[in-house]
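Commentary on secondary and tertiary structure
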Amino acid sequence: MERNLTMIALFAALIAALGLIPKFTLGFGVPITAQSLGVMLCGTVLGAWRGGLAALLFVALVALGLPLLAGGRGGLGVFASPTVGFLVGFPIGAFVTGFIMDQWRSAPVGLAAGVSAVLGGILVVYAFGIFGMMMTLNKTLLEATLLVQAFIPGDLIKAVLAGFITSGLAKARPASVLSRS
Amino acid sequence: MISLTSPVETRAHGWPAGAKLGALCLATLLLFRVEEPIWQAAFCAGMLLLYALPGRAFMRVGLGRLRMLWPFVALILLWHILTRDAVAGLVIVLRMITAVGLANLVTMTTKLSDMMAVVRWLATPLRRFGVRTRSLELAVALVVRFTPVLTAKGQMLSLAWRARSRKRAGWRIVMPFTVLAIDDAEHVAEALRARGGL
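This is a predicted model, so every value here is computed, not measured.

About the cut-offs
- Residues numbered from 1 in each chain as written.
- Chains lettered and ligands numbered in written order.
- Predicted model: local features only at pLDDT ≥ 70, side-chain atom pairs only at ≥ 80, totals over all residues.
- Heavy atoms only, no water.
- Core = buried A, V, L, I, M, F, W, Y, C linked by side-chain atoms within 4.5 Å.
- Buried < 20%, exposed > 50% of the residue type's maximum accessible area, 1.4 Å probe, protein only.
- Helix = DSSP H or I, 4+ residues; strand = E, 2+ residues; numbered from the N terminus.
- Contact = heavy atoms within 4.5 Å.
- Axes fitted to C-alpha atoms, helices over the stretch in contact; angles between N-to-C directions.
- Parallel < 35°, antiparallel > 145°, perpendicular 65-115°, else oblique.
- Nonpolar A, V, L, I, M, F, W, Y, C, P; charged D, E, K, R; others polar.
- Buried area = accessible area lost by both parts, 1.4 Å probe.
- Salt bridge = Lys/Arg side-chain N within 4 Å of Asp/Glu carboxyl O.
- Polar contact = N/O pair within 3.5 Å; in protein donor to acceptor, adjacent residues only side chain to side chain.
- UniProt positions renumbered as here; feature names shortened; annotations may be inferred.
- Expected span 1.5 Å × (residues − 1).
- Phe/Tyr/Trp six-rings, centres within 6.5 Å; stacked < 30°, edge-to-face > 60°.

Further remarks concern the nonpolar core. Nonpolar side chains tend toward joint burial in soluble globular proteins. Judged by nonpolar contacts, the single largest core of 98 residues is most densely connected at Phe 11, Leu 57, Phe 58 and Leu 61 of chain A together with Ile 97 and Leu 150 of chain B. Among the elements that take part in this core, helix α1 (residues 2-20) of chain A stands out by supplying 13 residues, more than any other. Each residue touching Phe 58 of chain A, except ones within four places of it in the same chain, is listed here: Ala 12, Ile 15, Ala 16, Gln 35, Leu 68, Leu 69 and Phe 90 of chain A.

Below, the structure is given as structure tokens:
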């Protein structure tokens, strides 16, 4: 019980801390932060429920007014801005990532983590993100998708990294990769 | 930990947080109902007036937070000028700025402890289903405390990397970084158990 709580809290803090790591820029000039990598790791390492709760805790603290998002952003204003969908999608994306990770135990850890990060951390999160843009900016599905597609390559790289990192963690701290223990 | 609350004390700091949040919900609902550009412009002007009332320092900090909206403003206006529908674009942009501006005002004038009290009140019905809301508060405290701790550890990792390599650390330190977070979580869990548990 204590361990579940501290894992959830520390991974929420990890998402925040990853947002503060300097951005690296993709070849064609789109900046990407490690924050969504943190959301993927919540799912791949903690599993569905704990991972989803960790991302939910992070999003809740942003709503309460802590500047935890990349670039020191936060507060209720973020929830009225066009990027609101991504934020709402974080907990659900982490949950789906963890759910696939929990279910697909026959695959090697790295592969399962990479695939579930693509499905949960990209597909689900972008579905919410695009819906958020459609609502706040009054755009059609196609227009909203066009707005965000530049960020997809960066997130694909992050999903691959999530696979490598999770497989490394399974070797370094096998008992702590809760989605597999 | 740095928070987004305004250092300039305003009259709104004393208002109950629940009332401010309720008013914000109603205002946002209203914003999304109105389609006339003249009304949206009026709402936006009213929002700017609210920022101006507490003085120049407050206004500068507050409006600085809205800077993240510029890419969207530029993109939407350009899009709607190209599709010859500039008025609709203007309505969208004004509405977006007003909605974010108002929400940001609530964040700037409400202390974290007041927000937490609202969350505690909202979570009360969960207690009936056996959810221990005290562990929620402990989790919040842990995140607030450990975000700067983890950030400092991340900086140490990246310094250690740079001592050994000419290249930037980048994603390679995320793995050891996560190991540090996991180890901290295990230690804190053990410490909590040693003190009688949850």
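Past the structure itself, the notes keep going.
Moving on, we come to the packing of helix α2 (residues 37-52) of chain B against helix α3 (residues 56-64) of chain B. All names here are of chain B. Taken N-terminus to C-terminus, the directions of α2 and α3 make an angle of 130°; their axes are 8 Å apart at the nearest point. Here α3 runs oblique to α2, going by the angle between their axes. On α3, the residues touching Leu 48, Tyr 51 and Ala 52 of α2 are Phe 58, Met 59, Gly 62 and Leu 63. Of the residues in the contact of α2 with α3, the class split is six nonpolar, one polar and no charged.

Turning next to the interface of chain B and chain A. With 58 residues of chain B in contact, the opposing surface of chain A contributes 55 residues. When chain B packs against chain A, close to 4,900 Å² is buried across both sides, 82% of that on carbon and sulfur atoms. Where chain B touches chain A, the interface holds three salt bridges. Here Arg 3 of chain A ties to Glu 186 of chain B by a salt bridge, and the two come within 2.8 Å at their closest N and O atoms. Taken together, the links from chain B to chain A amount to seven residue pairs in polar contact (both at pLDDT 80 or more). Going through the elements one at a time, α1 (17-33), α4 (70-82), α5 (86-108), α6 (112-127), α7 (133-164) and α8 (174-194) of chain B are the ones with two or more residues in the side of chain B that touches chain A. At 15 residues, the largest contribution of residues to the side of chain B that touches chain A is made by α8 of chain B. Partitioning the side of chain B that touches chain A into residue classes produces 43 nonpolar, nine polar and six charged.

What follows is about the UniProt feature "transmembrane region" (unreviewed entry) in chain A. Residue and element names in this part refer to chain A. Mapped onto the present numbering, the UniProt feature "transmembrane region" (unreviewed entry) falls at residues 51-69, 76-101 and 107-131. Here residues 51-69 runs as 74% helix and 0% strand, with 18 Å between its end C-alpha atoms. Span residues 76-101 is 69% helix and 0% strand, its end C-alpha atoms 32 Å apart.

Here we take up helix α7 (residues 152-172) of chain A. At 3.6 residues per turn, the α-helix brings residues three or four places apart onto the same side. Between its first and last C-alpha atoms α7 of chain A spans 30 Å; for 21 residues at 1.5 Å apiece the expected length is 30 Å, and the two agree. Buried within α7 of chain A we find Gly 154, Asp 155, Lys 158, Ala 159, Leu 161, Ala 162, Gly 163, Ile 165, Thr 166, Ser 167, Gly 168 and Leu 169 of chain A.

It is worth spelling out the pattern of salt bridges at this point. Tallied over the full model, the rule gives seven salt bridges over all chains. As a salt-bridge pair, Asp 155 of chain A and Lys 158 of chain A come within 3.0 Å of each other at their nearest N and O atoms. In this pair, Asp 155 of chain A and Lys 158 of chain A are both assigned in helix α7, three residues apart and thus about one turn of the helix distant. Across the pair Arg 120 of chain B and Glu 137 of chain B runs a salt bridge, and its minimum N-O distance is 2.9 Å. Remark: Glu 137 of chain B occurs in helix α7 and Arg 120 of chain B occurs in helix α6; sequence separation between them is 17 residues. Residue classification places Glu 137 of chain B among the partly exposed positions, given a relative accessible area of 28%.

Moving on, we come to the environment of Leu 66 of chain A. Checked against the element boundaries, Leu 66 of chain A lands in the loop between α3 (48-64) and α4 (84-103). Owing to a relative accessible area of 3%, Leu 66 of chain A belongs among the buried residues under this scheme.

What follows concerns the side chain of Gln 40 of chain B. Residues and elements named next belong to chain B. Assignment of secondary structure puts Gln 40 in helix α2. Taking relative accessible area as the criterion, Gln 40 reaches 0% and is therefore assigned buried. In this view, Gln 40 contacts Leu 31, Val 34, Val 91, Leu 94, Arg 95 and Thr 98; residues no more than four positions away in its chain are not counted.

Attention now moves to the packing of aromatic side chains. Under the defined criterion, the tally for this structure stands at five aromatic pairs over all chains. Between the aromatic rings of Phe 86 of chain A and Tyr 126 of chain A, the centroid separation amounts to 5.3 Å while the plane-to-plane angle is 90°, which identifies the pairing as edge-to-face. Placement of Phe 86 of chain A in helix α4 and of Tyr 126 of chain A in helix α5 (residues 109-137) is noted, with a sequence separation of 40 residues between them. Here Phe 86 of chain A matches Tyr 126 of chain A in class, with each residue buried. The interplanar angle of 40° and the centroid separation of 6.2 Å between the aromatic rings of Tyr 51 of chain B and Phe 58 of chain B together place this pair among those described as tilted. For the residue pair Tyr 51 of chain B and Phe 58 of chain B, the accessibility class agrees, reading buried in each case. Through pairs of rings, three or more aromatic residues link up here, namely Trp 49, Phe 95 and Phe 99 of chain A.

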